[in-house]
Amino acid sequence: MRIYDTDISVPMFLGTAQYPSPAILQQAIRASGCEVVTVSLRRETSDGTGAGFWDMLRETGARILPNTAGCHSVQEAVTTAHMARELFATDWIKLEVIGHADTLQPDVFALVEAARILTADGFKVFPYTTDDLIVGEKLLEAGCQVLMPWGAPIGSGQGLRTPDALRAMRAHFPGVPLIVDAGIGRPSDAAQAMELGMDAILLNTAVAKAGDPAGMARAMALAIEAGRMGFAADPIDRRDMAVPSTPVLGLAELL
Amino acid sequence: MITIAGAGLAGLTSALELARAGAEVRVYDTCPEIGEGSVSRFAGGMLAPWCERENAEEEVITLGARAADWWADITPVTRRGTLVIAPARDAAELTRFARRTSGYREVDAADIGSLEPALAGRFSRGLFFEAEAHLDPRRALRDLAGAAQAQGVEIILGAKAPGHIDLDCTGIQAPLSDLRPVRGEMAMLHSAEITISRTIRLLHPRIPLYLVPRGGGLYMIGGTMIESSSERAVTLRSLSELLGAAFTIHPGFAEASVMETGAGLRPAFPDNLPRLHQSGDTIHLNGLYRHGFLLAPAMATQVAKHFFPERTNANHSERTNA
């Protein structure tokens, strides 16, 4: 998968919040084999620095995708993105503009506006969005080269609430990398998303809050790989009737 | 003579255990008052190993199970257990918490009402960790200093340790490369109308809160966990989350006075567990993280054992990683 001129071979991005300890987070990153981790700036800096924690993240060798989690307005998100660019020396930014503190649903209007401002400023924006096709189009017009539709509300672990909408998104944006961000609860959810032709999965809560985060990270990585291979291998279509896999003709039929 | 730098929880519990083992101990702290420089002044003071296990390694139980007995010799310990509750819409959090912990019994609305009459009718389900306890951190630290002095420990405040330091207990100030700060924020409420007698934990997917009664209508609420080295005053976001959660426990807290807010930096190693660490001729006890009152006694026993391998009885399970 190629995103913004960068080749990414492992289709899994891991969020870094809510783990029992940084040591367990490091184990989870290693177990998943993922190359990209996201980190929340808004929450973890609180105007000092999260240096100790960030150093540990850098040690994993994973590429850091800072995010604007917790931002509720265009201005807040843009300011946070600028801070992130300075702190992590990266022009990648996972753009979240939250519309409601309780549902954590993205404010897609503010999202498109912030994406426009940030891409004009040289950022490579990874927008956390809904599965709405028109919003997706506007984000691409704004300069985004990747879309991150939700599977379900953040942290809910519901899996894919609207697989048909994601399928439509795949069909509507054939060449655009699509990363399902939010809502994955179990490995089967991740596999399902990949079987729909998504390019990657971004996960956090499902791994961080699992009883064994490293074990779940590995399970997710395997499921994502299985789903990806399954999609690439062109699965058969569903049928209403049984289809015998061996020829019927020539078998002795007892009258 | 054993010289200790830092008269916080780690330093004073170690001083006491070393003195009990027969050592002459001198503790230095740069702050002029006991507890002033210690992050433990913002602690909940919960002795709650079974609840903490939800998000920590098994060591919090093996090292922390006897903490309440240890403290009871030194300072008043309130042994009324912990009541864990969740708003109806977050019932899944309660199920998850129950799956990850032990040492509780499930309680229903009637049980909750008889445990804490102020909460009657407000929550339909909860978990009661009967063996857990809490103490008042500021009083406990003063009492601990008194107990150490009674045992012959010399505490020198307002001064840096001159010369060689045998045991460094300076928390986040210590020069240890894998130690990191985890910011915590708290508030102190006063309510004349609400009487809650035990620690309450309110589960919420984003904002888990604990409320610890301090007596006389005072309640400590905490505590955020933020990967940050900032010592600035509590943020509006954190404070509104804490206060909102207190309001969820009981709407009557809307009329409570906010007596104090605070923010401090907990020292933590990557696995969020404390350990002894040898650096040249100096031993470090650090990384107590959010488990200071719970784990300091067991760690202090290990310190004494380190200095006097023969003379100390192993009162606690071990965790050494020098």
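Notes on the structure in this doc start here. Throughout this document, residue positions are counted from 1 along each chain, in the order its sequence is written. Lettering for chains starts from A, numbering for ligands starts from 1, and both go in the order in which the items are written. It should be noted that, the model being predicted, local features are given only for residues of pLDDT at least 70 and side-chain atom pairs only at 80 or more, the latter also being counted only at that level, while totals for whole chains, interfaces and linings use all residues. Based on all heavy atoms of the structure, the side-chain values leave hydrogens and waters out of the count.

**So, helix α4 (residues 74-88) of chain A**
Residue and element names in this part refer to chain A. Comment: elements are numbered from the N terminus, with helices defined as DSSP H or I runs of at least four residues and strands as E runs of at least two. The span you would expect from a helix comes to 1.5 Å times its residue count less one. Helix length check: α4 (15 residues) gives 21 Å between terminal C-alpha atoms against 21 Å at 1.5 Å per residue, within 8%. Inspection of α4 places Val74, Ala77, Val78, Thr80, Ala81, Ala84 and Phe88 among the buried residues, and these make up the whole buried set. Viewed along the axis of α4, the buried residues span an arc of 165 degrees, placing them on a single side of the element. Residues of α4 that are exposed and point over 90 degrees away from its buried face: Gln75 and Glu86. Positive backbone phi, approximately 50 degrees, marks Ala89, located one or two places after α4. The rule is simple: take the accessible area with a 1.4 Å probe, protein chains only, and divide by the maximum for that residue type; under 20% is buried, over 50% is exposed, in between is partly exposed. The arc in question is traced by the directions running from the helix axis to the C-beta atoms.

**Some points on the sheet that holds strand β4 (residues 82-85) of chain B**
All names here are of chain B. Here, any two strands with at least 2 DSSP bridges between them count as paired. What the eight strands build is an open sheet, ordered β5-β6-β4-β11-β12-β13-β10-β14; its pairing is mixed. What marks the edges here is a single partner per strand, and that holds for β5 (105-108) and β14 (257-268). Strand-to-strand, the axes of this sheet are offset by a mean angle of 25 degrees, without reference to chain direction. Pairing of strand β12 (residues 209-215) with strand β13 (residues 218-222), which is carried by five bridges, proceeds in the antiparallel orientation. Bridge pairing in β13 links Val212 to Met220. Every angle, taken between N-to-C directions, lies between 0 and 180 degrees, and every axis is a line fitted to C-alpha atoms, over only the stretch in contact when it is a helix.

**Brief notes about the sheet that holds strand β15 (residues 275-279) of chain B**
Residues and elements named next belong to chain B. Strand order in the open sheet formed by six strands is β8-β2-β1-β9-β16-β15, with mixed pairing between adjacent strands. Of all strands in the sheet, those bounded by a partner on one side alone are β8 (154-157) and β15. The contact criterion used throughout is that any non-hydrogen atoms of two residues lie within 4.5 Å. Helix α9 (residues 292-307) rests against β1 (2-5), β9 (167-168), β15 and β16 (282-286) of the sheet, and its axis sits at about 40 degrees to β15.

**With respect to the interface of chain B and chain A**
Each side of the interface is counted separately: chain B has 23 residues, and chain A has 27 residues. Buried area: the accessible surface (1.4 Å probe) lost by two parts on joining, summed over both. Interface area, chain B with chain A, both sides summed: about 2,000 Å², of which 41% is carbon and sulfur. Salt bridges are identified by distance alone: a Lys or Arg side-chain nitrogen within 4 Å of an Asp or Glu carboxyl oxygen. Seen at the junction of chain B and chain A, the total is zero salt bridges. Of all the secondary structure elements, the ones that give two or more residues to the side of chain B that touches chain A are α5 (91-100), β10 (180-190) and α8 (236-249) of chain B. No other element matches the three residues that α8 of chain B contributes to the side of chain B that touches chain A. Each residue belonging to the side of chain B that touches chain A can be placed in one class, and the counts come to three nonpolar, eight polar and twelve charged. Any residue that is not Ala, Val, Leu, Ile, Met, Phe, Trp, Tyr, Cys, Pro, Asp, Glu, Lys or Arg is counted as polar, Gly included; the first ten are nonpolar and the last four charged.

**Some thoughts on the pattern of salt bridges**
When the charged atoms of two side chains with opposite charge come close together, those side chains can pair. On inspection of all chains with the given rule, the structure shows 25 salt bridges over all chains. Measuring nitrogen to oxygen at the nearest pair gives 2.8 Å for the salt bridge that ties Arg170 of chain A to Asp199 of chain A. Taken together, the positions of Arg170 of chain A in helix α7 (residues 163-172) and Asp199 of chain A in the loop between α8 (187-195) and β10 (200-203) put the pair 29 residues apart, joining distant regions of the chain. Judged by its relative accessible area of 13%, Arg170 of chain A falls in the buried class. For Arg105 of chain B, the salt bridge is made with Glu130 of chain B, and the minimal N-O distance between the two is 3.9 Å.

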